[in-house]
Amino acid sequence: MEQSTFDKIYEVVKQIPYGQVATYGQVAALAGNKRWARVVGYALHVNPDPENIPCYRVVNKEGRVSDAFAFGGGNRQIELLKAEGVAFINGYVDMKNYQWDRPIY
């Protein structure tokens, strides 16, 4: 059976290491289509398994968290990331030091 687009996205998000973040575009590319960045947002908003799919580790390319974070708003996303040791500069994730460096094939 073919995996759904959302399932592909969730599989990528599960791989983001503790204490790191990925961008919507990065997740989209790793899931199979670099144009799916907006779809990544939709998928994360309806995350069926927040315990095992760490959607809070996905931020925009500037390192901004989502104001529409589905599981408690942007402040909750910041709390979860800080609890993993992710540093912020002026309210944005320090992407230079905390962006997942997995290559996109």
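Sequence order sets the numbering: in each chain, residues are counted from 1 along the sequence as written. Reporting of local features is limited, given that this is a predicted model, to residues whose pLDDT is at least 70; pairs of side-chain atoms are given and counted only at 80 or more, and all residues count toward the totals for whole chains, interfaces and linings. The side-chain values count all of the structure's non-hydrogen atoms but skip hydrogen atoms and water molecules.

### Some words on helix H3 (residues 37–45)
- If you check which residues of H3 are buried, you get Val40, Ala43 and Leu44. Angularly, the buried residues of H3 cover 95° about the axis, an arc narrow enough to put them on a single face. Residues of H3 that are exposed and point over 90 degrees away from its buried face: Arg38 and Tyr42. For every residue, the accessible area (1.4 Å probe, protein chains only) is compared with the maximum for its type, and the residue is labelled buried under 20%, exposed over 50%, or partly exposed between those bounds. Numbered from the N terminus, helices here are DSSP runs of H or I no shorter than four residues, and strands are runs of E no shorter than two. Arc definition: directions from the helix axis to the C-beta atoms.

### Considering the environment of proline 48
- Counting through the fold element by element, proline 48 comes out in the loop between H3 and strand S2 (58–59).
- The class for proline 48 is exposed, based on a relative accessible area of 60%.
- With 38 residues separating them in the primary sequence, proline 48 and tyrosine 10 have C-alpha atoms 9.5 Å apart.
- Contacts of proline 48, omitting those with residues within four sequence positions, involve Tyr10 and Ile53. It only takes one pair of heavy atoms within 4.5 Å for two residues to be counted as in contact.

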